[in-house]
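Topology and contacts: notes
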Amino acid sequence: NSSYLSEDTVKNMSSSEINMEINEIYARHGRIFTDPDLDAYFRSKDWYTPKYTADEFDVGVFNDYEVYNFNLLGRYR
C-alpha cells in the first residue's frame, strides 16, 4: 500500500500469488472474506481487522499505489 509493484515482479508470480496479493489489498482495508481459506489466512495476520462485507466495502478507500497495483495484478490474473 506504499509502493508500486513492477511489471517484472508481477509477471513472475503464480496465479495463486497474484490472487493473494489482490486480496491483501482488500484485507488491509477490513474486507471480510467468505472464502474459508482466505478468511483463515487473513485472520491469522495481526494487522487484519475484519470490518466490511462485500456489499459494505467501498473501493474508494484505495490509495494511488493500491489502485495501480490492483490494476497491474488484474492484467496478469
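Residues numbered from 1 in each chain as written. Predicted model: local features only at pLDDT ≥ 70, side-chain atom pairs only at ≥ 80, totals over all residues. Heavy atoms only, no water.

1. Structural notes on the packing of helix H2 (residues 15-27) against helix H3 (residues 36-43)
Put simply, the rule is: To get an axis, fit a line to the C-alpha atoms, keeping to the stretch in contact for a helix; angles then go from 0 to 180 degrees between the N-to-C directions. Comment: elements are numbered from the N terminus, with helices defined as DSSP H or I runs of at least four residues and strands as E runs of at least two. Note that the term roughly parallel is reserved for angles under 35 degrees, roughly antiparallel for angles over 145, roughly perpendicular for angles of 65 to 115, and oblique for everything else. Take the far helix as your reference; a near helix turned counterclockwise from it by less than a right angle gives a left-handed crossing, and one turned clockwise gives a right-handed crossing. Here, two residues are considered to be in contact whenever any of their heavy atoms come within 4.5 Å of each other. Following the grouping adopted for this structure description, the nonpolar residues are Ala, Val, Leu, Ile, Met, Phe, Trp, Tyr, Cys and Pro, the charged ones are Asp, Glu, Lys and Arg, and the polar ones are all others, Gly among them.
At a closest axis distance of 11 Å, the pairing of H2 and H3 adopts a crossing angle of 60°. Relative to H3, the element H2 lies oblique. Pair H2 / H3 crosses with right-handed handedness. Within the contact between the two elements, H2 uses Met20, Asn23, Glu24 and Ala27 and H3 uses Leu38, Tyr41 and Phe42. A per-class count over the contact of H2 with H3 returns 5 nonpolar, 1 polar and 1 charged.

2. Brief notes about helix H4 (residues 64-76)
The condition that has to hold: Helix span is expected to be 1.5 Å times the residue number reduced by one. Residue exposure (1.4 Å probe, protein chains only): buried if accessible area is under 20% of the type maximum, exposed if over 50%, otherwise partly exposed. This arc corresponds to the set of directions leading from the helix axis out to the C-beta atoms. Polar contacts, as used here, are pairs of N or O atoms within 3.5 Å; protein pairs need one atom able to donate a hydrogen and one able to accept it. Residues neighboring in sequence count only if both atoms are side-chain atoms.
End to end, H4 covers 19 Å across 13 residues, agreeing with the expected 18 Å (1.5 Å per residue, within 8%). Those residues of H4 not exposed but buried are Glu66, Asn69, Leu72 and Leu73. Mapping the buried residues of H4 onto a view down its axis gives an arc of 135°, with all of them on the same face. For H4, exposure combined with an orientation more than 90 degrees from the buried face picks out Asp64 and Arg75. The inward-facing, buried residues of H4 contact helix H1 (7-11) and H2. The opening residue of H4 is Asn63, an N-cap whose side-chain oxygen sits 2.9 Å from the backbone nitrogen of Tyr65.

3. Some remarks on the pattern of salt bridges
Rules: Every case where a carboxyl oxygen of Asp or Glu lies within 4 Å of a side-chain nitrogen of Lys or Arg is listed as a salt bridge.
Applying the stated criterion across every chain yields a total of 4 salt bridges. Across the pair Glu7 and Arg75 runs a salt bridge whose closest N-O atoms are separated by 3.7 Å. Placement of the pair is Glu7 in helix H1 and Arg75 in helix H4, with a sequence separation of 68 residues. Assessed through its relative accessible area of 57%, Arg75 is described here as exposed. With its nearest N and O atoms 2.7 Å apart, the salt bridge here joins Asp39 to Arg43. Placement of the pair is Asp39 and Arg43 together in helix H3, with a separation of 4 residues, close to one helical turn. Exposure remark for Arg43: the relative accessible area of 48% places this residue in the partly exposed category.

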